[in-house]
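# An overview of the molecular structure
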Amino acid sequence: MKDISYKLITFIAIFVYAIATVFSEGYYHPDEHFQIIEFAAYKLGNIEDFQLPWEFNEAIRSSFMPWIAFWVMKIVANPYTVMLILRLLTAAFAIFAIDRFFRATAKLLPVHVVPVYQLLSYLLWFLPFINVRFSAETWSGLLFLWAVSYVYEDKRTAAIVGILCGFAFLARFQTGIMFAGLFSWLFFIGKWPVKKLLITGIAFVSILLAGVWLDYLFYDTFTITAINYFNVNIVRDVASQFGTMSWYAFLAETIIACIWPIGILIYIAVIIVGYRKPASLLLWCIIPLSLVHFVIMHKEVRFLFPITNFLPFLIVTAFYSLQRIIISRILFWGLSVINVIALITVIFYKPSEGRIAMTRYIHTHMARSAKVYFLEGDNPFQPYSFLTQSFYDIPELRFTSLASYSKLEDEEFDRADGLIIRHRVIKDTGVIRQIERLHLKVVKVGNYNWISSIKEVYLGKLFNDDDYALLMRE
């Protein structure tokens, strides 16, 4: 029965992650695209260095992940197929790493809570969305999760732990803070002998040196990107130019981002485990990274993505002893309903306002020489004035920028094939009249209307329905 439960949950997880992989086209944050995919496109010779973001000239990004994208792009030409392959690769890696960590830690929990723990490990609502992203945050977290699973298994794997943590560092330098916490735990709490610690450290440094070699091949000059990153974003504090936030505002933002009942639950779980088990390996890994990001001025929720796959074990460890209390069962089922609704929403959600879903539709369904109108700033192929999104470009497309929708005249649109607007604009009375007069209909939206409705219920006035929509003549 136990084996059937394990296989069934694993099958459900694979099914959910497959859906998320297909639907989650686009990038959660511009760095996910511009500092990996565009870097790889440059190395292929598809774009020039002046088209890359400023981070390229400063050489502050490791080339580890761009090289992975480079080899996929070298084999596959279609940009949407490339990204689907990279998401599939990430999802498969996530299933593998989560399974390894689950099997290594399940033995520390009572048997009757293990199925709940396995379900949460895959299906805590935001995990499928994060775990299909080909991003530095996701890959660093998964590599580190895999490394820690070896520590829980307590095998003679000092070198493997160091190697995996080294690759996690190459994916995202901030993971080095987690490695420092892990190494400290191994020394003070785990009581690893000096020989094993040395092997772990040497293996870690070896991967860092391999990363320097990869960066040399990528940047065509000797450079140490980790030192460059520290100098630019910590010493010169360039990162703060992109926004600062107080620790309490960041606390509120992380709670809201997790959906506040679940967000509060996570922070309570941290407090409980910290009180009951201060020597927990889990805390020594995730607390240092969390504290650093609460202290630094430039903060973003995605900076904590590397720790998200540890949260199910943290939650179950904190709360399984309360299961016989009636109120906790009511809370459990209430949170379960919230989690399921959020999970269904997020696996069908297309990030970046559905921008890449829009460009894919145009790529697939419209002629290469089509003429498309859009309001200034709403070109999904070039969403930022200061960044060149070349990867999805269709050079033959003819774009016409409108100062306002009142500029869209009948005779002009007779020569156009489509109109791109933001979905929220369709609700404007004046725009509705203009659309009706021109006999336009919506043929593609970035995200399903029901997703926008659910987001609006949760965020209320904070919600800004900014998804793209493509209109064509009836």
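Look a little higher up for the structure.
Residues numbered from 1 in each chain as written. Predicted model: local features only at pLDDT ≥ 70, side-chain atom pairs only at ≥ 80, totals over all residues. Heavy atoms only, no water.

## Points about the overall build of the protein chain
Tallying secondary structure elements over the protein chain gives 22 helices and five strands in all. A compact globule built from 474 residues should have a C-alpha radius of gyration of about 23 Å, and the protein chain, at 24 Å, falls within 12% of that. Across its three principal directions, the C-alpha atoms of the protein chain cover 80 × 60 × 45 Å. Computed over 41 positive and 36 negative side-chain charges, the inter-centroid distance for the protein chain is 12 Å. (Helix = DSSP H or I, 4+ residues; strand = E, 2+ residues; numbered from the N terminus. Rg over C-alpha atoms; globule rule 2.2 N^0.38 Å. Lys, Arg positive; Asp, Glu negative; His and termini not counted. Charge placed at Lys NZ, Arg CZ, Asp CG, Glu CD.)

## Structural notes on the pattern of salt bridges
A side chain with one charge may pair with a side chain of the opposite charge, provided their charged atoms come close. Applying the stated criterion across every chain yields a total of 15 salt bridges. Ionic pairing is found between Glu 25 and Lys 350, a salt bridge with its closest N-O pair at 3.4 Å. With Glu 25 in the loop between α1 (2-23) and α2 (30-34) and Lys 350 in the loop between α18 (326-347) and α19 (355-365), the pair connects residues that are 325 residues apart, well separated along the chain. The class for Lys 350 is buried, based on a relative accessible area of 6%. A salt bridge links Glu 153 to Arg 100; the nearest nitrogen and oxygen atoms lie 3.0 Å apart. On the criterion of sequence distance, the pair formed by Glu 153 in helix α9 (residues 136-153) and Arg 100 in helix α6 (residues 79-105) is long-range, its members being 53 residues apart. Per residue, the accessibility class of Glu 153 equals that of Arg 100, and both read buried. Members of the salt-bridge network, linked through shared partners, are Asp 31, Arg 61, Glu 137, Arg 172, Glu 300 and Arg 302. (Salt bridge = Lys/Arg side-chain N within 4 Å of Asp/Glu carboxyl O. Buried < 20%, exposed > 50% of the residue type's maximum accessible area, 1.4 Å probe, protein only.)

## Overview of the sheet that holds strand β4 (residues 440-445)
Backbone-to-backbone hydrogen bonds join strands into a sheet, with any given pair of strands oriented parallel or antiparallel. Across the sheet, five strands lie side by side as β2-β1-β3-β5-β4; this open sheet has mixed pairing. At either end of the open sheet lies a strand with only one pairing partner, and these are β2 (398-402) and β4. The average angle at which neighbouring strand axes cross in this sheet is 30°, direction not considered. Pairing analysis gives three bridges linking strand β1 (residues 371-375) to strand β3 (residues 418-422), with the strands arranged parallel. Paired with Val 372 across the bridge in β3 is Gly 418. (Pairing = 2+ DSSP bridges. Axes fitted to C-alpha atoms, helices over the stretch in contact; angles between N-to-C directions.)

## Some words on the environment of Leu 164
Among the structural elements, Leu 164 can be located in helix α10 (residues 158-171). A relative accessible area of 7% places Leu 164 in the buried class. In this view, Leu 164 contacts Leu 143, Trp 146, Ala 147 and Tyr 150; residues no more than four positions away in its chain are not counted. (Contact = heavy atoms within 4.5 Å.)

## A word on unusual backbone geometry
Phi is positive for Asp 237, close to 55°, though the residue is something other than glycine. Of note, Asp 237 is situated in the loop between α13 (225-235) and α14 (247-257). The class for Asp 237 is partly exposed, based on a relative accessible area of 36%.

## Regarding a nonpolar patch on the surface
Residues Val 337, Val 340, Ile 341, Ile 344, Tyr 448, Trp 450 and Ile 454 make up a contiguous nonpolar surface patch of about 590 Å² in total accessible area. Where the nonpolar patch is concerned, the elements lending two or more residues are α18 and α22 (449-459). The leading source of residues in the nonpolar patch is α18, at four residues. Mapping Ile 344 onto the fold places it in helix α18. Given the relative accessible area of 41%, Ile 344 is considered partly exposed. (Patch = residues over 30% accessible without salt bridge, like charges linked within 9 Å, V, L, I, M, F, W, Y side chains within 5 Å. Areas by Shrake-Rupley, 256 points an atom, 1.4 Å probe, with all protein chains shown as cover.)

## Quick word on the nonpolar core
Of all hydrophobic cores here, the largest spans 143 residues; its most connected members are Tyr 17, Phe 101, Phe 126, Phe 144, Leu 182, Phe 310 and Ile 362. The element best represented in this core is α6, accounting for 13 residues. When sequence neighbours within four positions are dropped, the list of residues in contact with Phe 144 reads Cys 165, Ala 168, Thr 175, Met 178, Phe 179, Leu 182, Cys 285 and Phe 310. Judged by nonpolar contacts, the second largest core, of 15 residues, contains Leu 402, Leu 419, Leu 440 and Ala 469. (Core = buried A, V, L, I, M, F, W, Y, C linked by side-chain atoms within 4.5 Å.)

## Regarding the environment of Leu 440
Mapped onto the fold, Leu 440 is located in strand β4. Residue classification places Leu 440 among the buried positions, given a relative accessible area of 7%. For the pair formed by Leu 440 and Leu 471, sequence separation is 31 residues and the distance between their alpha carbons is 5.9 Å.

## What about the packing of α9 against helix α16 (residues 281-295)?
When two helices pack together, their arrangement is given by the angle between their axes and by how far apart the axes lie. Packing of α9 against α16 brings their axes to within 11 Å, and their N-to-C directions diverge by 155°. In terms of axis orientation, α9 runs roughly antiparallel to α16. α9 and α16 meet at a crossing whose hand is right-handed. Counted together, Phe 144, Val 148, Val 151 and Tyr 152 of α9 and Leu 281, Leu 282 and Cys 285 of α16 form the full contact between these two elements. Of the residues assigned to the contact of α9 with α16, the class counts are seven nonpolar, no polar and no charged. (Parallel < 35°, antiparallel > 145°, perpendicular 65-115°, else oblique. Left-handed = near helix turned anticlockwise from the far one by under 90°. Nonpolar A, V, L, I, M, F, W, Y, C, P; charged D, E, K, R; others polar.)

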